[in-house]
Amino acid sequence: MTEDLAASVRDALAVDVEEFEAKARTEADLVKSELHEGTFDNHQSIVGLEYEFYAVADGRWEASDDAGIYALMRVPRRLLDLIGFEKELGLHNAEMTTNPQPLNPDGLRAQESEVRARLAAAQECTSAEGIQLVSDGMWTIPPAGETARGYLTNSVEAEGIRIATNMSGSERYHAMANGPAAPEEMTIDAPNVTLSADTVMPESLITSIQPHFQVAHAADLPTYFNYALRVAGPLLALATNSPFFPPDLYDDVGAGKILTDGYAENRILVFESVLNTDDVEKVRFPRDLDSVEEAVDRVAGDATVVPMPVPTGNRFDDEFATLRRKHGTYWRWVRPVFDGASRSSANARIEFRPIAAQPTVRDSLAFQATFAGLMESLPRRQHPATDQQWSTARENFYAAMRGGLDSGQRWICNDGAETVETERVYDDIFAHAIDGLTAAGCSESEAERHVEPLRARVQRGTTPADWKIARVREYLADGASFEDAVWAMQRDYVRNQRETLLDGSFADWL
């Protein structure tokens, strides 16, 4: 099996890079031509969601050694097929992608119903296997009998190809560490954390949700995109949920220094430091867009990591399959997408990628609805948020990564005045999210219900990261070691989630 995977990776890497990039540029011209003809236009806004999970042992037998431990678990591939979830990077990962729906009350309800129904069915199947799917920003308890460091760095060499032992059997994932531009080591660069690997497996520490917003008129995508960059910092500040790494990855500096130096959302650091190199910054906060054509050109001109062969087919987007393949490694915190199985379903959309997976389904969908409401309202109201300098939006983003709600987000309110007062920032943001949702047909009360889980975080001054940090501090104060404190917090998180994942919200934890 390993030899077959290595052979597939070698075949993938045999593709000529110059030919691959030339083909992508040609296809970019095709996409721009179709954009001019209106092929990617639609009559309304559409929403969708990618939702990632990791698996833990759920202790289905009371007397078993894993009861109440919630150690990371590998998900059998047959089980993923059975529950209709997709592979992600690590063997412990699973991903759900919803069917796109119109941005209206029924569409938002359909998104929520689909997530709840599919997740409930999946949990029923995985429970029979002693597995629980967890919605979280980063796992901290390694598989039973293993260390996190060993799990993330174990690899074998087969016929000159480096294969990560605990990575899904996708040629694309393994090719990232074996291509001509791949660095010798993939390193996590975070305060007081040391980890280097010879594959991209450290990225499997993190899980996310990715709301999608499909614009009605493709030519307007840059306007929506630039607004999305301005809301990225404030929404990330609300969403922080990965303040701790697995304890064995930390340097021996003591709990006090780890807590003092630590960031609220280490997921951002992991993705950037593992996949960026000194020569190529693949993961970053993107610059403003001036035109939809520029969005296509950015994908075509992005550094090629994996020039893999592209299968041919009869779908509309098979006409630009090489460009779509390049897009698969076009990692930006906000990114444009152009695809569609047919001309009638062709679409231009924005993937909003800063948000970690959240404690409950309702919290995750609150971010989807809030982002969609903002995208619907801000351009229509010609909100002055885009008067903010791009550099300030970028500073907001990384400040949110470091400090969450305490990061002093700078926001231009509807009246044109800039503020760093947290309540004023979010009063304006929530007002426009609700305005966008009501413009899409939601009643005032229904729009407020979508936004309320995030409003509760501002009112309580607490994000999931804050909750985790407080729990760890409590365990440390009771005399626990740092490792035991982090693991006890993680078990509390999983236990709370078991009770609230489908029917509650993070506010129920406070």
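Structure: above.
Novice: It is not clear to me how the pattern of salt bridges should be interpreted in this structure. Could you clarify?
Specialist: Between side chains of opposite charge, a pair can form as their charged atoms come close. Throughout the structure, instances matching the rule amount to 38 salt bridges. Residue Asp288 is joined to Arg230 by a salt bridge in which the shortest nitrogen-to-oxygen separation is 2.5 Å. Here the residue Asp288 occupies a position in the loop between helix H9 (266-275) and helix H10 (292-301), and Arg230 occupies one in helix H7 (residues 221-239), the gap between them amounting to 58 residues. Take Asp288: its relative accessible area is 24%, and that puts it in the partly exposed class. One connected set of salt bridges, linked through shared partners, spans Arg335, Asp339, Arg349, Glu351 and Arg353.

Novice: So what exactly am I meant to see when it comes to the pairing of strand E5 (residues 155-158) here?
Specialist: Every other side chain in a regular strand lies on the same face of the sheet, so the side chains alternate between the two faces. By the bridge criterion, 4 bridges tie E5 to strand E6 (residues 161-164) in an arrangement that is antiparallel. Directly across from Ala158, in E6, lies its bridge partner Ile161.

Novice: Explain the environment of Gly48 here, please?
Specialist: Within the secondary structure layout, Gly48 lies in strand E1 (residues 46-57). Setting aside residues up to four positions removed in sequence, Gly48 forms contacts with Thr98, Gln111, Gln210, Pro211, His212 and Gln368.

Novice: Teacher, can you tell me more about empty space enclosed by the protein here?
Specialist: Rolled over the atoms, a probe as big as a water molecule pinpoints where empty space is left. Within the structure shown, the criterion is met by 3 cavities of 30 Å³ or more. Of the volumes computed, that of the largest cavity is approximately 100 Å³. Residue lining of the largest cavity: Leu108, Glu112, Arg362, Leu365, Ala366, Gln368, Ala369, Arg449 and His450, and that is the complete set. Those elements that provide at least two residues to the lining of the largest cavity are helix H4 (105-128), helix H12 (361-377) and helix H15 (444-460). A total of 5 residues in the lining of the largest cavity trace back to one element, the largest contributor, which is H12. Among the residues forming the lining of the largest cavity, the class breakdown is 4 nonpolar, 2 polar and 3 charged.

Novice: Please clarify how the packing of H12 against helix H14 (residues 422-439) should be interpreted in this entry.
Specialist: Viewed as axis vectors pointing N to C, H12 and H14 meet at an angle of 80°, and their least axial separation amounts to 7 Å. Between H12 and H14, the crossing angle belongs to the class labelled roughly perpendicular. Taken together, the residues of H14 that come into contact with H12 (itself represented by Ala369, Thr370, Gly373, Leu374, Glu376 and Ser377) are Ile429, His432, Ala433, Asp435, Gly436 and Leu437. Partitioned by chemical class, the residues of the contact of H12 with H14 number 5 nonpolar, 5 polar and 2 charged.

Novice: What exactly am I supposed to notice about the environment of Pro143 here?
Specialist: Considering the arrangement of structural elements, one finds Pro143 in the loop between strand E4 (131-134) and helix H5 (148-153). Of the residues examined, Pro143 reaches a relative accessible area of 4% and is grouped as buried. Linking Pro143 and Phe352, residues 209 residues apart in sequence, is a C-alpha distance of 31 Å.

Novice: Mind showing me how you'd approach H15 here?
Specialist: Structural remark: α-helix, 3.6 residues per turn; residues separated by three or four positions point the same way. The end-to-end C-alpha distance of H15 is 23 Å, a good match for the 24 Å that 17 residues give at a rise of 1.5 Å each. Of all the positions in H15, only Glu446, Ala447, His450, Val451, Pro453, Leu454, Ala456, Arg457 and Val458 are classed as buried. Close packing links the buried residues of H15 with H4, H7, H12, H14 and helix H16 (464-477). Count one or two residues on from H15 and you reach Gly461, which has phi positive near 60°.

Novice: Honestly, the pairing of E1 in this entry has me stumped. Any pointers?
Specialist: Among the 12 residues that make up E1, 12 are buried, leaving the element largely enclosed by the rest of the structure. Residues Ile46, Gly48, Glu50, Glu52, Tyr54 and Val56 line one face of E1 and the alternating positions Val47, Leu49, Tyr51, Phe53, Ala55 and Ala57 line the opposite face, and both faces are buried. Across 6 bridges, the pairing between E1 and strand E9 (residues 209-214) is antiparallel. Of the residues in E9, the one forming a bridge with Gly48 is His212. Bridging between E1 and strand E3 (residues 101-102) involves 2 bridges; their strand directions are antiparallel. Bridged to Val47 within E3 is Gln101. Relative to strand E2 (residues 93-97), E1 is paired through 5 bridges, and the arrangement is antiparallel. The residue bridging Glu50 from the neighbouring strand is Thr97, located in E2.

Conventions adopted
- Residues numbered from 1 in each chain as written.
- Predicted model: local features only at pLDDT ≥ 70, side-chain atom pairs only at ≥ 80, totals over all residues.
- Heavy atoms only, no water.
- Salt bridge = Lys/Arg side-chain N within 4 Å of Asp/Glu carboxyl O.
- Helix = DSSP H or I, 4+ residues; strand = E, 2+ residues; numbered from the N terminus.
- Buried < 20%, exposed > 50% of the residue type's maximum accessible area, 1.4 Å probe, protein only.
- Pairing = 2+ DSSP bridges.
- Contact = heavy atoms within 4.5 Å.
- 1 Å grid on protein atoms, 1.4 Å probe; cavity = no way out; pocket = protein on both sides within 12 Å on 5 of 7 lines; lining within 4 Å.
- Points joined across faces, edges and corners; volume = space filled by probe spheres on them.
- Nonpolar A, V, L, I, M, F, W, Y, C, P; charged D, E, K, R; others polar.
- Axes fitted to C-alpha atoms, helices over the stretch in contact; angles between N-to-C directions.
- Parallel < 35°, antiparallel > 145°, perpendicular 65-115°, else oblique.
- Expected span 1.5 Å × (residues − 1).

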